[in-house]
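# Understanding the architecture of this molecule
Here are the chains, one letter per residue:
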Amino acid sequence: MAEKVTHSICVGGPIAIHTENGTIRRVRPIVFDDSVAKGWVIKARGKEFTPDRKTSPAFIAFTEKNRAYSYDRIRYPMIREDFVETPDGKNRNTENRGKSGYRRASWDEALDLVAREVKRLQAAYGKETITACTGSHHSWGLLGYKLSAFARFFRMMGYTAIMDNPDSWEGFTWGAPHTYGYYWRLGGTEAFDLLEDGLQNVETMVMWSHDPDTTRGGYAGNESCLWRQWLDKLGVQFIYIDPFNNFSSIKQADKWFGPRPGTDAALCEAIAYVWITEGLYDKDYIAKHAHRFDEWADYIIGNGTDRIAKTPKWGEIETGIPAADIKAFARRWGTTKTMGGSGLRGGFGGVCRTANGTEFARLMVQLFAMQGMGKPGSNIWSGSTGAPMDYNFWFGGYSDPLSQIANAPIADKTAVNPVKQFLYRPNVPDAILDGHYEWYGNGFCGGGIDLEFVEHIYPEVGCNKVHMFWRYGGTFMGTMLDTNKWVRMYKSPELEFVVNQDIHFHGEARFADVILPACTNLERYDIGEYCNSGNGGYQSHSQTGCSWQVVVFQDKAIEPLWESQSDYWIFANVAERLGFGAEYTEGRTELEWCKRFWEKSDLRDRVSWEDFTKKGYYIPPCPEDHERHYGFRWFAEGYPCDTPNHKNFQEEGKLGTFTGKFEFVSESLLYWAPDDEVRTPIATYKPSWEGHHSIKARKYPFHLISPHPRFDYHTQHNSSTPWIWEIPENRKYINGNPYLIARVHPTKAAEKGIKEGDMIELFNERGSVVCVAHITYRVEPNTIHAYGSSGIYNPTIPGETSTDIGGCVNVLSPGRLIGDKVPGMAPNSTLMDVRKYEGELPDSQLFEDKLDKVAFDGESDTASCKEIIEGHGFEKLQSLVRAKYQEGARG
Amino acid sequence: MPRFQTKNTAALESEVTSYLNALPAETVNIYQIWYEKLGAYGVPASADIEAIKTVLAKQPDWEDAGVLPNEKYGPLPSYRRITGPKDTVDEKSGRIRVQHMFKVGSRYQAPDGKVYQIALAEVYNLRGFEVVDGHLDGPMIKINPTSDLAKSLVEIK
Amino acid sequence: MRYGIAVDTAKCMACYCCFTVCKDEHCGFAGKYSAAQPMMGQFWINIVERERGDSSRRTKVETIPLLCSHCEDPACLKASRDGAVYKREDGIVIIDPEKSKGQSAIVEACPTGAVFWNEELEIPQKCTMCAELLDDPEYLAYLGDPKLKRPRCVEACPNRALIFGDLDDPDSDINKFIAAGKVTPLSGLEGQKTNVVHLNIPTVFLAGTVYRPVAEEEVAIGAKVKLTSAETEEVWETETNYFGDWEVEGLPKNKPIDIEITFDGFETVNLSAVTDTDHYVAQTYLEAK
């Protein structure tokens, strides 16, 4: 029994992997031995707080072994059975995409076909005719990340890049910078060292649209669970605001408010009314740091152009929260040291992905400003970031241009995309189907406020349309908007050639002409740091969401299974066929690329490559007297910004707004978009364009909220792991398919004759999804809650925009962006209805037969999908793999 | 507060000069003066822009820098202080304005001839790579912004 | 030396780490002490989430990690034949995967539902407290500290809700942990001595909110709320907080409770409730005297 222990990181956190005889035996958290230095100690209120000596990954990290051997792995390259390689790209039976079966192909056949198609299309239409995009975080590691291996390949080849919309941050990215800057942090503020500040000072935590025990600091696993336990035990009051009494709220809230979806901005205004009329805000701070506050205050108290006072009673009518409760809340906030914010890191939250998302974000920031933001115990800090760290230890994060193989200095030569045409992710199907699309903004816009207003048109002047789509990792059916249009897009003959590169047979794989099997990061080399997002226009220093800084050598635990290969190998081999193989690889193996990241960072000074790869991880100690640089404290106290990731004007005591102050009338909006109706110079509550005031509400009276999921991550985990399909808050396994749970209030359920556990159909004019009902008091009565990001997509009629039984509730969401000049998605502004489902239920996941066929083609004695899920197929798989390993070991 | 009257030349000159004297940065533009100093009520009119431009052109230690990119306003005509950034240490708190001293992406030469490209400038943490034959060679180099090496670096424009 | 696990249900946030690592360890892998746990249908550790409350005004959830309690006097042992179930000296209760064939009575006997029937192999199965790992001197030897060897569920818990250790050592962390909490046996195990000890399982709460007269639109802060159980002669006194909310946890089950709300200058309010289940009793509007 030969055992080895290797390490890796996944979106759930860092793990230790035990391998025996060539098969992975178990996946554990990384538990530290004595060689790791003492952890930080925070002294607060007479106590000392220190974390456990281990990493605390989320439960999804512990499914990694299962994901490697799962029933839905793509094992061999596959080609669509009725695909025809016609010389003109037409008549290829594209209308059958999604329903056709697949045949097994060799790597050579598959990659030769891909290369031929690339050459043909480039010759016919130019480099811009190829487009490609990835999921948000296919696989952890600096080598394999989309801005690294994928970006290097596609930029070198030349392609129409697809800009990502800032999906998790919409209202904050497009709104908050116009109030307080921070566009380089997607509208989120800086949480440096605020865990210490909070433990020492805070009295009230306002968790607005925030479920930290579900969203887990982003990629920070369960690290901050303990921090909130500490705060709770110190007597800190937790107030949660969410139409769903979420999983953190239900255990921890001292008070839960469930506003009607889309009305949070109204709640902000009612709170402001109480503060202004009762003088419960920091007047000196506002006098010094706010711009045109009085004009906004006038609007709040009823002297604005609408002549409506935003009283608590007015707030009650909009939100459903009693006026007396709103007053009590406002007074608690206004008279105690309060921290809080929206979503993990304070500038996220489902609330910002609504029609009124920008206005909520701006108003929320304004409220914190009114209470002296940056003073001790008074800040935007939502309890899931801001741990002590050694800021002087530098290791790259995934968005750092300095840490991507697409760029020097990691590569010798930076890859530059010659194509000047773009697409915009949420509406790629519209562009392809309509042959025309216009939009504003460069997607993430971390580089400047001006980037929000860059005009784009597709096709770009002088460019041809896109005819080839290369899709990589994850599935948008559960995460994008009005996702039935992706089905229509795939079936269109406009797309002459579709490639899908993925580990598992996810929802979009089955629309491809050629499927290339990628391997998990347990089967290849990589290197990365726990939750380190880097400084490239995301939110830097997100590793402060972790109790430890952990850099991991993501060693290969096993060889790639079946015929899968690393993404890097796939790109290198296609590049070779296209004549830029040597340029792409620069002669390096994957392991040699990993060493570059060690070499070009502080890691080199701390540990040798040999020691690092042998131990498998490095944890920089956090010095006891580590420098504190409290987030936003510099602004409150008036000295040059001393927090990492700042801008030079912050060193002059200024925020990133035009005036350098909090703008209660936004000068940047008056300059850039004075006529914008959705995001007005004074932030105001406006009824949602798909909300309870709209015409549609007469027919579709329920709000759907589909927040970031508890039991999945970027669509990648639920689909592969049957273990979690029986968790009652997640799914219910009926007849071979795991149905998603949808939450309904008891009163509404009774009206509709729906009981606990009933099959229900969520529907509107865009589509329908069958779920299982959970009747609960934990939802605001007019709200149906069903988690977004479903990785399981099972249309009852494959290849058609039919009812989905996999739980992709995003099928129901509007394709409309927040506003003409606000190109953000608003899935939480969805209206729909719900009814008992009494139709037929299929007896499987509707695609297993396609996979089984190809699996048996490769290995006739392998287990079927159903056997792996329900029977002893998993053991059968493992023993086949073990036998092959032992055969190989013998020679 | 009423909108600033830029046709009041004396008041305008006084405001602009005091702003420029207090400004630690090396570059400035017209909009920034309007928004950060002159009270900023709405977008400046073309007459306001002309008036401020006139005052800037008269400043002896500021020269025309052409159109420079700007993250807030987009690319626009800018001016550069001939003597470079000043007040890179804040008098009151003693804290360093490290990003004023060193611009990310810019190249600096040491007395021994070595050229460094700055990759990171945050807090007291300055990082760069040595530039050899146009390539960013070798390991990431840590420079303390208060060190002798840092003080001896000269920007290559 | 008795191995034990203490479970603090108040700290448990239902993160499902323990649940998942147990599956990771045992699904698809047979060991010395057990056949493989099937991929679906069995939960050697489960999290039982039970929503509490009959109103959106106040809802809570009880989260109980449920695993075999490794009882001192196991009911499953009593129901078994031929040595199919035995208790080791260190307290771990094992169901022999071969000797137990056909003995479905073992499943029925367990008062907490912690034993599962494997249809295919016709054997009862349950948590082994990762005995095989604990016994193995090689397991985690690379960490250099034998104290780091724990059952998988305990190791994975991020919130210090599960603690493992020697129940016979008075200075052990597990005994300190138990002493700091309230021991609350699982339903069906009252009066039993078990190696797995559950803490802080709630009983019943009553809650409400007090407002000043309707027209004022204000909460009443500091109203006195007195609960009395005539049957048990117990009294609980509390005050409304800054939201006007009051709540009393830990009430005895199935008792009628009288509630008296007093606030200077206002008429006393008398309410009643029964602790058959958790209730949000009322939004009470005071009336001036």
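Reading the values: rules and limits
Residues numbered from 1 in each chain as written. Chains lettered and ligands numbered in written order. Predicted model: local features only at pLDDT ≥ 70, side-chain atom pairs only at ≥ 80, totals over all residues. Heavy atoms only, no water. Contact = heavy atoms within 4.5 Å. 1 Å grid on protein atoms, 1.4 Å probe; cavity = no way out; pocket = protein on both sides within 12 Å on 5 of 7 lines; lining within 4 Å. Points joined across faces, edges and corners; volume = space filled by probe spheres on them. Nonpolar A, V, L, I, M, F, W, Y, C, P; charged D, E, K, R; others polar. Domains from an automatic or database assignment. Buried area = accessible area lost by both parts, 1.4 Å probe. Salt bridge = Lys/Arg side-chain N within 4 Å of Asp/Glu carboxyl O. Helix = DSSP H or I, 4+ residues; strand = E, 2+ residues; numbered from the N terminus. Buried < 20%, exposed > 50% of the residue type's maximum accessible area, 1.4 Å probe, protein only. Pairing = 2+ DSSP bridges. Polar contact = N/O pair within 3.5 Å; in protein donor to acceptor, adjacent residues only side chain to side chain.

### Things to note about the arrangement of the chains
Most contacts, compared over the two pairs of chains touching, are made between chains A and C. In this view chain B stays clear of chain C, with the nearest C-alpha atoms of the two still 32 Å from each other.

### Brief notes about empty space enclosed by the protein
Residue and element names in this part refer to chain A. Put simply, the largest cavity is a space of about 680 Å³. Ser136, Asp167, Ser168, His708 and His714 are, among the 49 residues lining the largest cavity, the residues nearest its centre. Residues of the lining of the largest cavity, tallied by class, amount to 18 nonpolar, 22 polar and nine charged. The volume enclosed by the second largest cavity comes to roughly 330 Å³. Ser209, Asp242, Gly350, Val351 and Pro707 are the residues nearest the centre of the second largest cavity, which is lined by 28 residues in total. Residue assignment places the lining of the second largest cavity across two domains, with domain 3 (170-227 + 236-389 + 630-672) and domain 4 (695-836) each supplying three or more.

### Section: the interface of chain A and chain B
Across the contact, 47 residues belong to chain A and 41 residues belong to chain B. Three residues stand out in chain A for area buried against chain B, namely Glu651, Phe658 and Tyr671 of chain A, and they jointly supply 17% of the buried area on that side. The interface formed by chain A and chain B holds five salt bridges in total. Here the element with the most residues in the side of chain A that touches chain B is helix α24 (residues 667-672) of chain A; it accounts for four residues. Its residues placed into classes, the side of chain A that touches chain B shows 16 nonpolar, 16 polar and 15 charged.

### Let's talk about the domain arrangement of chain A
By the assigned domains, chain A splits into domain 1 (3-68), domain 2 (78-165 + 400-531 + 551-618), domain 3 (170-227 + 236-389 + 630-672), domain 4 (695-836) and domain 5 (859-890). When each unit is reduced to the centre of its C-alpha atoms, the spacing between domain 4 of chain A and domain 5 of chain A is 35 Å.

### Re the pairing of strand β3 (residues 60-67) of chain C
Residue and element names in this part refer to chain C. The buried fraction of β3 amounts to eight of the eight residues, a majority that puts the element mostly inside the structure. Burial along β3 is two-sided: the face carrying Lys60, Glu62, Ile64 and Leu66 and the face carrying Val61, Thr63, Pro65 and Leu67 are both buried. Pairing between strand β2 (residues 45-52) and β3: eight bridges, direction antiparallel. What sits directly across from Glu51, in β3, is Val61.

### Here's the deal with the domain arrangement of chain C
Residue and element names in this part refer to chain C. Domain boundaries assigned for chain C yield domain 1 (3-199) and domain 2 (204-285). The straight-line distance from the C-alpha centre of domain 1 to that of domain 2 is 38 Å. Counting from both sides, the interface comprises eight residues of domain 1 and, opposite them, twelve residues of domain 2. Taken together, the links from domain 1 to domain 2 amount to five salt bridges. Put simply, Glu249 and Arg52 hold a salt bridge, and the shortest N to O gap is 2.7 Å. At the boundary of domain 1 with domain 2, the tally comes to ten residue pairs in polar contact (both at pLDDT 80 or more). Per-class residue counts for the side of domain 1 that touches domain 2 are no nonpolar, two polar and six charged.

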